[in-house]
Amino acid sequence: MASVSQSQLQLLGRAAKQQLPRVAFNASWKKLYQIWQIGEPDGAEKYLYLTSKDYALLRKMAHIDSGLDILSLDFNVPRDQMAQQSANEKYANISPEADYVLIKLAPQLARYIMGDAIPHLLSAQHSALRLKVDTAVALCQQLKLSQLIVVENLDSFDNLFAYSFTPGLQPIIDSCMVLYRGSHDYSPAGRKRFLRLIEPMHINVIAFTDLDPAGLMIANTLNGCRSMIVPQQALSSPNELLAISQINSVADFNKQHKQLTYLKNVSSPTAENAAAYTAQWITLVNWISHHSVSIKQQHMLAKSLSLSLLSIKL
């Protein structure tokens, strides 16, 4: 196991690139000096003086220790790739869970990839693909994907194509990739990295969450997301929606103080970016707040609610 840490390698790299004649003799440099005895501390041990020959030797010793070149460090790789260079695969910033996403494809996209003769149990409605992030990005490029739906809950991700959608939303559902937001066994780290990588592709990112403060906060903070899926009745007849028996959990709403505060802050008329939000979004935030609304995705399916698209930002 390498004895030099990632931060110490970065420290060495910065100093070596600049060929600094001296560095502050802090704890990190003292540790490096104890390991290799390279450089010359001043009498007060305030600075460590280094020559070009010292830097060449530090570079060589760091390479022997870690397998890495301090002049060309790249920690933004998966562990399997780091293992090809170093005995310490944990130098890699991309941990295993951050290198994968859980996706599924709309049936017509699945047929494009697999053909029509897909066994029933492997159809898009019944299975998901756990892909490396780079592979998922390449698939988006291959499909020339325009619609991506990020789903909050795993069972709703599994059952997305069983929900009811308005005629305006259905064509989007029919041509989308579905991405699980991530939690528990599926880390959100992969989803975050994936959304960052596809940002230049200008894919329409849509959130499908619970209809409550936490869900709206998720939708508003997803990278690249500008719209979300909500029950049509929340927009057209909210009183009728709340009149449905066993659909709203005020107790769950009352647990979401922080998320509600966030929503009120960003949607306030005095908020810095308040003008960026649609009037429909602001109305929904106020309605949820006023009526203590928490309607879960599972109840949207159980009650056969027709789902529609709401724009969050202009």
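The structure we're discussing is the one just above.
(A) Representation of the overall build of the chain in the model. From N to C terminus, the chain includes 16 helices and 11 strands. Relative to its length of 314 residues, the chain is extended, with a C-alpha radius of gyration of 26 Å against a globular reference of 20 Å. Principal axes of the C-alpha set define a box for the chain whose edges measure 80 × 55 × 30 Å. Expressed as a percentage of the 314 residues in the chain, the buried residues total 45%. In the chain, the proportion of contacts linking residues at least 24 apart, taken out of those at least 6 apart, comes to 70%.

(B) Examining the environment of T209 more closely. Counting through the fold element by element, T209 comes out in the loop between β9 (204–208) and α10 (213–221). Each C-alpha atom, one on T209 and one on A219, is 7.2 Å from the other, the two residues being 10 residues apart in sequence. Those residues in contact with T209, other than ones at most four positions away along the chain, are E152, G215, L216, I218, A219, M228, Q297 and M300. Among the polar contacts made by the side chain of T209, one reaches the main-chain carbonyl oxygen of G215 at a distance of 3.2 Å.

(C) Quick peek at the sheet that holds strand β2 (residues 40–41). The strand order across the open sheet formed by three strands is β1-β3-β2, and the pairing between neighbours is antiparallel. Of all strands in the sheet, those with a lone pairing partner are β1 (22–24) and β2, marking the two edges. Bridge analysis of β2 against strand β3 (residues 47–49) gives two bridges, and the strand direction is antiparallel. Note that in β3 the partner of E40 across the bridge is Y49.

(D) A look at the nonpolar core. Judged by nonpolar contacts, the single largest core of 67 residues is most densely connected at L148, F194 and L211. Per-element tally for this core: the top contributor is helix α6 (residues 133–143), with six residues. Look past the residues within four positions of F194 in its chain and what remains in contact with it is V101, V133, A136, V137, C140, L148, M177 and L179. Ranked by size, the runner-up nonpolar core spans 25 residues in total, among them V23, L32, Y55 and F75.

(E) Region of the structure containing the packing of helix α1 (residues 6–18) against helix α2 (residues 27–36). The interhelical angle for the contact between α1 and α2, taken along N-to-C directions, is 90°, at an axis separation of 10 Å. Taken together, the axis directions place α1 and α2 in an arrangement best described as roughly perpendicular. Residues Q8, L11, L12 and A15 of α1 lie in contact with α2, whose contacting residues are S28, W29, K31, L32 and W36. Residues of the contact of α1 with α2, tallied by class, amount to six nonpolar, two polar and one charged.

Each value, and the rule that gives it
Residues numbered from 1 in each chain as written. Predicted model: local features only at pLDDT ≥ 70, side-chain atom pairs only at ≥ 80, totals over all residues. Heavy atoms only, no water. Helix = DSSP H or I, 4+ residues; strand = E, 2+ residues; numbered from the N terminus. Rg over C-alpha atoms; globule rule 2.2 N^0.38 Å. Buried < 20%, exposed > 50% of the residue type's maximum accessible area, 1.4 Å probe, protein only. Contact = heavy atoms within 4.5 Å. Polar contact = N/O pair within 3.5 Å; in protein donor to acceptor, adjacent residues only side chain to side chain. Pairing = 2+ DSSP bridges. Core = buried A, V, L, I, M, F, W, Y, C linked by side-chain atoms within 4.5 Å. Axes fitted to C-alpha atoms, helices over the stretch in contact; angles between N-to-C directions. Parallel < 35°, antiparallel > 145°, perpendicular 65-115°, else oblique. Nonpolar A, V, L, I, M, F, W, Y, C, P; charged D, E, K, R; others polar.

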